[in-house]
Amino acid sequence: MAVSFEVNGRARSVDVDPQTPLLWVLRDTLNLTGSKYGCGIAACGACTVHIDGEPARSCVFPIESVAGKKVTTIEGIGDGHRHPVQEAWIAEQVPQCGYCQSGQIMTAVAFLKKNPQPSPTDVDEAMSNNICRCGTALRMRAAVLRAAKEMKEMRGREPVGGAR
Amino acid sequence: MSMRMGEMSRRGLLRSASSFGAALVIAFEIPREAKGEPAKPPFGPVRAWIRIDSVGTVTLFYHKSEMGQGISTALPMVLAEELGLDWKNVNVEHADLDPDHQNQGTGGSGSVASTFMQMRKAGAAAREMLVAAAAKRWGVSPENCTARDGAVWRENDKISYGELVESASQLPAPDFDTVRLKRPQEFTVIGKSLARKDIPSKTDGSAVFGLDVRVPGMVYASIERCPVFGGKVKSFDAANAKAMKGVLDVFAIEADREVHSTGGVAVVAETTYIALQARKRLRVDWDYGPHANESSETLRKQFRRLVDSQMKVVLEQGDTEAAMASAPASKRIECDYELGFQAHATMEPMNCTVHIQPDRAEAWVPTQAPEWAAQMISKASGLSPDKIVLHTTYMGGGFGRRYQADFALEGAQIAKRTGRPVQVVWSREDDMTHDFYRPASYHRVSGAVDEAANITAWRHKSTSTSIAQYWRDNAPPESSELGSSVQNPYAPRSYKLEYLPADSGVPRAWWRSVEASQIGFVMESFIDELAHGAGADPYEFRIRALGNARKIRNPLDEKSTPLDTARFGGVLRLAAEKSGWGTPLPPGHGRGIAAHFSFNSYVANVVEISIISGRLRVERITSAVDIGIAVNPAGVRAQVESAIIYGLTAALKSEITIENGRAVETNFNKFTTLTMKETPPIDVHIVSSTADPTGIGEPALPPTAPALTNAIFALTRKRIRRLPIKPADLA
Ligand code: FES
Ligand code: FES
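Residues numbered from 1 in each chain as written. Chains lettered and ligands numbered in written order. Predicted model: local features only at pLDDT ≥ 70, side-chain atom pairs only at ≥ 80, totals over all residues. Heavy atoms only, no water.

**Q** Tell me about the overall build of chain A, and please be specific about residues and values.
**A** Scanning chain A for helices and strands turns up five helices and five strands. In chain A, the order of α-helices and β-strands from amino to carboxyl end is β-β-α-β-β-β-α-α-α-α. The C-alpha radius of gyration computed for chain A amounts to 16 Å, which stays within 12% of the reference 15 Å derived for 164 residues, consistent with globular compactness. C-alpha extents for chain A along the principal axes are approximately 45 × 40 × 20 Å. Across the 164 residues in chain A, those meeting the buried criterion constitute 57%. Sequence-distant contacts, at least 24 apart, represent 57% of the contacts inside chain A between residues at least 6 apart. (Helix = DSSP H or I, 4+ residues; strand = E, 2+ residues; numbered from the N terminus. Rg over C-alpha atoms; globule rule 2.2 N^0.38 Å. Buried < 20%, exposed > 50% of the residue type's maximum accessible area, 1.4 Å probe, protein only. Contact = heavy atoms within 4.5 Å.)

**Q** Could you give an account of the overall build of chain B, with specific residues and numbers?
**A** What chain B contains, in helices and strands, is 17 helices and 31 strands. Against the 2.2 N^0.38 benchmark of 27 Å for 731 residues, chain B shows a C-alpha radius of gyration of 27 Å, consistent with a compact globule. The principal-axis extents of the C-alpha atoms in chain B amount to approximately 85 × 75 × 45 Å. Counting over 731 residues, chain B shows a buried share of 63%. Here the analysis covers contacts within chain B between residues at least 6 apart in sequence; of these, 76% occur between residues at least 24 apart. Element-wise, carbon and sulfur atoms account for 49% of the exposed surface of chain B, whose accessible area totals about 26,600 Å². Distance from the positive charge centre (86 side chains) to the negative charge centre (84 side chains) of chain B: 2 Å. (Areas by Shrake-Rupley, 256 points an atom, 1.4 Å probe, with all protein chains shown as cover. Lys, Arg positive; Asp, Glu negative; His and termini not counted. Charge placed at Lys NZ, Arg CZ, Asp CG, Glu CD.)

**Q** Account for the interface of chain A and chain B, naming residues and giving values.
**A** Interfaces are frequently sized by the accessible area removed from exposure as the parts join. Contacts between the two partners involve 48 residues from chain A, matched on the other side by 58 residues from chain B. For the pair chain A and chain B, the two sides together bury roughly 4,300 Å², of which 58% comes from carbon and sulfur. Along the contact surface separating chain A from chain B lie five salt bridges. The partner of R214 of chain B in a salt bridge is D28 of chain A, and the shortest N-O contact between them spans 3.0 Å. The interface formed by chain A and chain B holds 29 residue pairs in polar contact (both at pLDDT 80 or more) in total. (Buried area = accessible area lost by both parts, 1.4 Å probe. Salt bridge = Lys/Arg side-chain N within 4 Å of Asp/Glu carboxyl O. Polar contact = N/O pair within 3.5 Å; in protein donor to acceptor, adjacent residues only side chain to side chain.)

**Q** Kindly report on the domain arrangement of chain A, identifying the contributing residues and their values.
**A** Residues and elements named next belong to chain A. Each assigned domain of chain A is listed here: domain 1 (2-76) and domain 2 (84-162). For domain 1 and domain 2, the distance between their C-alpha centroids amounts to 22 Å. Tallying the contact residues gives 17 residues for domain 1 and 14 residues for domain 2. Across the interface of domain 1 and domain 2, roughly 1,200 Å² is buried in total on both sides, 55% from carbon and sulfur atoms. Counting across the domain 1 and domain 2 interface gives one salt bridge. The salt bridge involving E54 is made with K114; its shortest N-O contact spans 3.2 Å. Taken together, domain 1 and domain 2 are joined by seven residue pairs in polar contact (both at pLDDT 80 or more). Looking at the side of domain 1 that touches domain 2, the elements that each hand over two or more residues are β3 (48-51) and β4 (54-57). (Domains from an automatic or database assignment.)

**Q** Account for the sheet that holds strand β31 (residues 722-723) of chain B, naming residues and giving values.
**A** Residue and element names in this part refer to chain B. As summarised here, the arrangement of the six strands in space is β14-β22-β21-β20-β15-β31, forming an open sheet in which the pairing is mixed. Lying at the two open borders of the sheet, with one neighbouring strand each, are β14 (312-317) and β31. With respect to the sheet, helix α12 (residues 516-533) is in contact with β15 (332-339), β20 (441-449), β21 (455-464), β22 (495-501) and β31, its orientation differing from that of β15 by roughly 155°. (Pairing = 2+ DSSP bridges. Axes fitted to C-alpha atoms, helices over the stretch in contact; angles between N-to-C directions.)

**Q** Describe the environment of V314 of chain B, and please don't skip the residues or the numbers.
**A** All names here are of chain B. Looking at the secondary structure, you find V314 in strand β14. Assessed through its relative accessible area of 15%, V314 is described here as buried. C-alpha of V314 to C-alpha of I629: the two residues are 315 residues apart in sequence and 34 Å apart in space. The contact partners of V314, leaving out residues within four places of it in the chain, are E478, L482, L497, E498, Y499 and L556.

**Q** Please provide a residue-by-residue account of empty space enclosed by the protein, values included.
**A** In total, this model carries eight cavities of 30 Å³ or more according to the counting rule given. Estimated volume of the largest cavity: approximately 90 Å³. Broken down by element, the lining of the largest cavity gets its largest block of residues, three residues, from helix α15 (residues 633-652) of chain B. Here the lining of the largest cavity is composed, by residue class, of eight nonpolar, three polar and one charged. Reported here for the second largest cavity is a volume of approximately 70 Å³. Lining of the second largest cavity is provided by 13 residues; of these, C132 and A137 of chain A together with L674, T675 and M676 of chain B occupy positions nearest its centre. For the lining of the second largest cavity, the class distribution of residues is seven nonpolar, six polar and no charged. (1 Å grid on protein atoms, 1.4 Å probe; cavity = no way out; pocket = protein on both sides within 12 Å on 5 of 7 lines; lining within 4 Å. Points joined across faces, edges and corners; volume = space filled by probe spheres on them. Nonpolar A, V, L, I, M, F, W, Y, C, P; charged D, E, K, R; others polar.)

**Q** Run through the side chain of E655 of chain B, naming residues and quoting values.
**A** All names here are of chain B. Considering the arrangement of structural elements, one finds E655 in the loop between α15 and β28 (658-659). Residue classification places E655 among the buried residues on the basis of a relative accessible area of 16%. A polar side-chain atom of E655 sits 3.4 Å from a polar atom in the side chain of K726.

**Q** Residue-level account of the sheet that holds strand β26 (residues 601-612) of chain B, with values.
**A** All names here are of chain B. What the four strands build is an open sheet, ordered β25-β26-β27-β30; its pairing is mixed. With one partner strand each, in any of the chains shown, β25 (589-598) and β30 (682-686) form the two edges of the open sheet. Each strand axis lies, on average, 15° off the axis of its neighbour in the sheet, ignoring direction. Two strands pair when backbone bridges link them, and β25 and β26 are joined in this way by 10 bridges, in the antiparallel orientation. Note that in β26 the partner of H596 across the bridge is V603. Seen against the sheet, helix α16 (residues 704-716) touches β25, β26 and β27 (615-626) and runs at an angle of roughly 150° to β25.

**Q** Before we move on, can you summarise the packing of helix α1 (residues 71-83) of chain B against helix α2 (residues 111-138) of chain B with the specific residues and values?
**A** All names here are of chain B. The N-to-C vectors of α1 and α2 enclose an angle of 35°; their axes lie 6 Å apart at closest approach. For the crossing formed where α1 meets α2, the hand is right-handed. Residues I71, A74, L75, V78, L79, E82 and L83 of α1 lie in contact with α2, whose contacting residues are S111, V112, T115, F116, M119, R120, A122, G123, A124, A126, R127 and L130. Residues of the contact of α1 with α2, tallied by class, amount to 13 nonpolar, three polar and three charged. (Left-handed = near helix turned anticlockwise from the far one by under 90°.)

**Q** Account for the environment of S13 of chain A, naming residues and giving values.
**A** Residue and element names in this part refer to chain A. Within the secondary structure layout, S13 lies in strand β2 (residues 10-15). Counting along the chain gives 10 residues from S13 to V3, while the straight-line C-alpha distance between them is 5.4 Å. With residues up to four places along the chain from it excluded, the contact list for S13 reads A2, V3 and S4. At 3.5 Å, the side chain of S13 forms a polar contact with the side chain of S4.

**Q** Explain unusual backbone geometry to me, and be specific about the residues and the numbers.
**A** All names here are of chain B. P724 follows L723 through a cis peptide bond whose omega is 0°. If you check the backbone angles, D149 has positive phi at about 50° while not being a glycine. Its place among the elements puts D149 in the loop between β6 (146-148) and β7 (151-154). Despite not being glycine, E155 has its phi angle at roughly 50°, a positive value. Checked against the element boundaries, E155 lands in the loop between β7 and β8 (157-160).

**Q** Quick one: what's the story with the packing of aromatic side chains, residue by residue and with numbers?
**A** Residues and elements named next belong to chain B. Taken as a whole, this structure holds 19 aromatic pairs over all chains when the rule is applied. When the ring centre of W426 is taken as reference, the NZ or CZ atom of R225 above it lies at 3.7 Å. Lying across the ring of W426, R401 places its NZ or CZ 5.3 Å from the centre. (Phe/Tyr/Trp six-rings, centres within 6.5 Å; stacked < 30°, edge-to-face > 60°. Lys NZ or Arg CZ within 6 Å of the ring centre and 35° of its normal.)

**Q** Break down helix α8 (residues 370-381) of chain B for me, with residues and values.
**A** Residue and element names in this part refer to chain B. With 12 residues, α8 should cover 16 Å at 1.5 Å per step; its first-to-last C-alpha distance of 16 Å lies within 8% of that length. With 10 of 12 residues buried, α8 is to be regarded as a mostly interior element. Every buried residue of α8 is listed here: P370, E371, W372, A373, A374, M376, I377, S378, A380 and S381. Where α8 is buried, its residues meet β16 (351-356), β17 (361-365), β18 (388-392) and α9 (406-418). G382 lies just past α8 and shows a positive phi near 80°. (Expected span 1.5 Å × (residues − 1).)

**Q** Describe in detail the pattern of salt bridges, supporting the description with residues and values.
**A** Residues and elements named next belong to chain B. A complete count under the given rule lists 55 salt bridges over all chains for this structure. Among the salt bridges present, the one from E82 reaches R120, with a minimum N-O distance of 3.0 Å. Taken as a pair, E82 in helix α1 and R120 in helix α2 lie far apart in primary sequence, 38 residues in all. According to the relative accessible area criterion, E82 is buried, its value standing at 0%. Members of the salt-bridge network, linked through shared partners, are E524, D528, E529, R542, R719 and R721.

Printed below as a string of structure tokens:
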């Protein structure tokens, strides 16, 4: 049974077992390897993508329930540019091994959409369900706060009524 | 295991490598026979590469594995320093395994320490050749030329390296022994905090980890393994698995004793998911083998029996028994410490991708030990090592787990049969239940102080699931277990170390900081107990016990680096000063201190905690490190944070427990790690030094847990002697 959906703005159709988690479709069928496998049980967040703008753990999200939806992965988050969250990640020199970082960045981007001016405690709450085995939490916290500030300034610079 | 230049014969090697175009390629090598290195363990020598093409693009190759520690920036920085490059214009690339050269192995916090001088000499040699070429063109003496920013300069005239590379490559390479090196005061790259070159690709999904390797025609495989350590396949029924669409093959693979691979039933399929699903449909009859009744409890009983017994005396200085007997009972302390198994739990599970053809093999392996991986691929494929091309990929964490070659061997076993490129994927459960764990250990330590607060006796009996014994090294079982307890810096008047290994089927090997993670906890807990027993401040007591500056040799290994008590005291003082040791704390807060010497580096940590309504919170950590020259201080700080957080996880959260011969914790829902909200601010201070650099991937870990439990004691008078800490321990 073919399932059709959109990934990073592009229409896709795959013919796989409908129970196949989105993660493996992205990685093995569509060759989008930026989303990572860390646990397969929604416990680590390495596989986080956005489905219709909401963060989702793609390792437990069957492909049949993605039909007709819009998926954004780390490869598409910047939309051809670096997203301010990615910029902040570089400025704070967050990644070590880097393996968890796609999921961390996708979590942070979704969080900042909901809460554009978070307190450090808000950031801690939002990011505490993602695992980083290299111990980059301190830098991630700083990077999320930096990105929030930067995005606020960007909004301030936009012309009135202007949309990006 | 440091390498001294005098020990090696050396030569500069010039190659006209056609695939590089007109390029100057300098390689620096040590002949194999001069290395005197054992086949496996974790320290490495040297191979530095520089490539300059005729348009002036400079690529520096790093020959050690990048697993998050920042080596892909630190090693090229050392080369760039001597070569006189503008760092902005430097490209870095990983050097594939070259079968002519040994030891790209990455571990033991040894990459910078073991290659620093060699890299500098290689960089300097290349610089001198470029200078000589420019001097010749100008018709002046090389002394009148300088090299910087990728060009040779004579007053305001300059010729770029790109223009010089062709003629420079015709010149003889200078003698690496006498080539002029910069003085530390001249450094412009080394010692600067520089951004890591690998980071941008790790923010956009483009960095290629082992699991991200995609090769045309590839298939995926996963292995059903006996859940019990050391068990084997008796028989299996694959009919249901084979009936699944997308399943290509199912077959048994053998366990291998050399790498301690598990063997099992391999499923080869079109996708990872199909391979994982098909495994669930296998019916396997296992032979559980001899360890099926082992549990954490049986092991603990055995540990206790062993420390109660007469043990092998490993070190004896003075007469501890007599000193103990003559000490007043109030000044005698005896206590037991214990630590459980720990998994590495690298974020990326084990995997590798291998393609074996009749006359060659190619492999993409996230490995800390590319040579060993290649040997195993050679063994399984029957191809000679020179027929194997091995690419080391980025890896989602190493921590010592990727120093193993079990997964590479499995890749080759499966690839040999499939004939197509195959990626072998371990599930998280495979990874967590078939790790080579940090050993479990048990320690009985007794000691005494006299009225003047001198340590008169210190006796340490211990047992563990020895790494050396498991790997059947030619070394005694205690050789992997005692760490720097053989160099006790606190100068007890009498000192005795005793050890016996325990029997266990649990696989074990090098986990981040190896035995130092346990020995550091025991020594730094016990010195704290002695301090409190003497009624002294734990920091002052340590400083006093260190006494006059002196070097303490390792009596079991005369070649290893002595412990310098001045540097040990130096990090203690710096951590105390920066943490405000001795200044008042808010109610409900406490501070603890600990220091440890490992991998020739010195680290002291001060941990501040609070316990409010029974809830323990780590408030902040101050760390002081002395690692000689810090090549990239920003990278050093990141590694200290990383090792401390890894250590906090092991102290507060994670543990592998054993029941029925198998690991109980199978995934991150049970093996939990420190979350962002539990992570305290960490303040890192680096001792400024011109001493030769030592490593920092691991040494900040050992003094973390004891500083934490010492803080808990300072606040609550409860002494935690068993890790990880359980909530009940605080009640
Ligand atoms: S892989 Fe999906 S949450 Fe861990
Ligand atoms: S950067 Fe390695 S797991 Fe997060």
